[in-house]
Amino acid sequence: MTESAAREAPARGIDKAGIVIAALLAAVALVLVYDANQIPATTMYGMGPQVTPVVIAIGLGILALANLIDAVRGNLPPRESADPVAVLLILVGLALLIAIIGFGGGFIPATTTLFVTTSAAFGRRAFVTDLIIGVVLTTLIYVAFDRLLTLSLPAGPLERLL
Amino acid sequence: MDTFAALAHGMAIAAQPMNLLYALIGVFLGTAVGVLPGIGPALTVALLLPVTYKLDPGGSLIMFAGIYYGGMYGGSTTAILINTPGESASMATALEGNKMAKAGRGGPALATSAIGSFVAGTIATIGLAFLSPYLVDIAVRFGPEDYFALMCVAFITVSATFGDSPIRGLTSLFIGLVLGLVGIDKLTGQARLAFGVPELLDGVEVTTLAVGLFAVGEALYVASRRHHSEEKIEAVKGSLWMTREDWKRSWKPWLRGTLFGFPIGALPAGGAEIPTFLSYSTERRLTKYPDEFGKGAIEGVAGPEAANNASAAGTLVPLLTLGLPTSATAAMMLAGFQQYGLNPGPLLFAERPDLVWGLIASLFIANTMLLVLNLPLVGLWVRLLKIPTPWLYAGILVFATMGTIAAKPSVVELSMLAGFGVLGFLMRRFDFPIAPVVVGLILGPIAESQLRRALAISLGDPMTLLQSPISATLLVVALIALIAPFILKGLGRFKANED
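The structure presented is a predicted model; accordingly, all values stated were derived computationally and were not measured. (Residues numbered from 1 in each chain as written. Chains lettered and ligands numbered in written order. Predicted model: local features only at pLDDT ≥ 70, side-chain atom pairs only at ≥ 80, totals over all residues.)

**With respect to the interface of chain B and chain A**
Between chain B and chain A, the contact holds 52 residues from the first and 56 residues from the second. Looking at the side of chain B that touches chain A, the elements with two or more residues in it are helix 8 (166-181), helix 9 (206-224), helix 17 (389-407), helix 18 (411-429) and helix 19 (435-457) of chain B. Partitioning the side of chain B that touches chain A into residue classes produces 32 nonpolar, 11 polar and nine charged. (Contact = placed C-beta atoms within 7 Å. Helix = DSSP H or I, 4+ residues; strand = E, 2+ residues; numbered from the N terminus. Nonpolar A, V, L, I, M, F, W, Y, C, P; charged D, E, K, R; others polar.)

Here's what the structure looks like:
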């Protein structure tokens, strides 16, 4: 008896993250309704393009409520602590990759940057070694896919030398 | 249709030297990627899609068949040697297989899983070949309202019925449905949820979503909790071969696993974890060595592995005959078809029999190749497992972004990939299942257009959904599947599926 009560106890209590999730779902539902209202109504038999978004929005609204109840009751599954630095490092790597591709820096520098930041996120501190491995790996991928399989990967100054 | 003639014709196509080469490359790449820890068959297929961009549809689908089965073999190798099943369907395998590897019986565990997968895969592919023409006959009689009802069944079973929490499963499904709305409405040409961004008018790419959720999301999740655990690879010690005793204890579980796997996989219920766990508990009950269970019983590897492979072939039945993906892997296969503008379903059997039967035939070939390749190459696969985690995930991310860069090298598309990665991370952290998002994205637009077509035919009368007996029955099934988990709450259910 006491054992089962002890197991129940930590599950209770309001889960703040769960409330944020419920709020986000409700926000998406509102965006759907807003967007559906922007579609000019056309007369036709059956459903127009604005019906499905509204139906999905209603479903999302109900689910937001259900998620909210779960969060208030503390019914969310337990989570372990997370390391925000690692997540941030990978996201910075992705942002840099997008920027380098966007500004025409080419495939090899972009993916090498992602390689180095990801490997740092997983705890490696040997930047020079990882940089060399990254350049070799992405160059091989570039040559294999761009030249052999003739996919078009974005070329920057480095790729034009190959 | 005469199945034998069709299959023989398919064999003739699949046995052409070039197609054999494609199958071999597919099997090899599939195993190599599938063996990497944390990568399940769905992600294997998603990551290797770009490799097939420039091939003709026939060759690429054959390579796909190889990648599909190769990814599954690779996944069980990982489950046995490091106890990190890339998908929950391999969890039962990891349970006993990893214990066997720890006890120095890794070789026989890998062997029984490889041979069992071959036996199950072959029987189930025969089942697929003979069952499909019948289903196609039924499917051609389906009207748009029946298709809509069928998709409702798939939505519910994939998201709510068999998961941990129906509410979280349905939430995942609805996220997928919302993503499916993005872009130009095919019936009227109106833009929805595009917010004036031209790149969004084409809609959300299935591969971008899948690679973002599975690859980027997984990398973020593993990085965020790196401090919690270290994985340990078990060396393959001793003989690779099974003893006479091992064979005697394996063959019945193989066959029973196939019997569980194929029918459950073929139903539009999704996921291989139910048959694998059914097989595991059955073998546990029937075994003559009950005290070995939990410590490395060979039956506990043989049965679930066979069930897993048989259900993988089973999921191809609804995929090929109805165009209905019921697992994340099947959804990725559908994406592979769609990149050539091919839509699986009864029409594809009629219009492109060479493609469909060539694919089915190459499943046999891929299976045989895997049996021959896998055990001798096990040393190579073990070496792949030893890649240090930082480089492994860095490499996965490079390859994952490469696929998107090759398909659509735009800032918007890459930002979407990163955004889906964050979504995948959050969903893993808060225990939302991921497969329903992918299924929702693919099936949502199809379900909508079928419903609208049905309503246009009936001049807007929604009763058409209940007047067709097929559609009415299917809607009742969907309703029961939706309500059942709420009623059965408290009874033991199977864990959420993610592959």
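**Notes on the domain arrangement of chain A**
For interface size, the figure often reported is the accessible area lost on association. Here chain A is partitioned into domain 1 (9-72) and domain 2 (84-161). For domain 1 of chain A versus domain 2 of chain A, the distance between C-alpha centres works out to 38 Å. (Domains from an automatic or database assignment.)

**Notes on unusual backbone geometry**
All names here are of chain B. Residue Leu193 is not a glycine yet carries a positive backbone phi of 50°. With respect to the helices and strands, Leu193 occurs in the loop between strand 2 (191-192) and helix 9. Residue class for Leu193 comes out buried when judged on the 21 C-beta atoms lying within 10 Å of it. With phi around 50°, Phe195 is a residue other than glycine that occupies positive phi space. Along the chain, Phe195 falls in the loop between strand 2 and helix 9. On the basis of neighbour count, Phe195 is assigned to the exposed category, with 11 C-beta atoms found within 10 Å. (Buried ≥ 20, exposed ≤ 12 C-beta atoms within 10 Å, placed from the backbone.)

**A closer look at the environment of Val33(A)**
All names here are of chain A. Mapped onto the elements of the fold, Val33 is located in helix 2 (residues 16-38). Residue Val33 is classed as partly exposed on the basis of its 16 C-beta neighbours within 10 Å. As a C-alpha pair, Val33 and Val85 span 52 residues in sequence and 37 Å in three-dimensional space. Contacts of Val33, omitting those with residues within four sequence positions, involve Val54 and Ala57.

**Remarks on the confidence of the model for chain A**
Residues and elements named next belong to chain A. Taken residue by residue, chain A gives an average pLDDT of 84. The fraction at 70 or more is 89%. For chain A, the element scoring lowest by mean pLDDT is helix 1 (residues 2-8), at 39; helix 5 (residues 107-121) scores highest, at 94. Here residues 1-11 is a poorly scored stretch, pLDDT under 50, and it has two contacts once near neighbours within four places are set aside; other chains count. (pLDDT = per-residue confidence, 0-100.)

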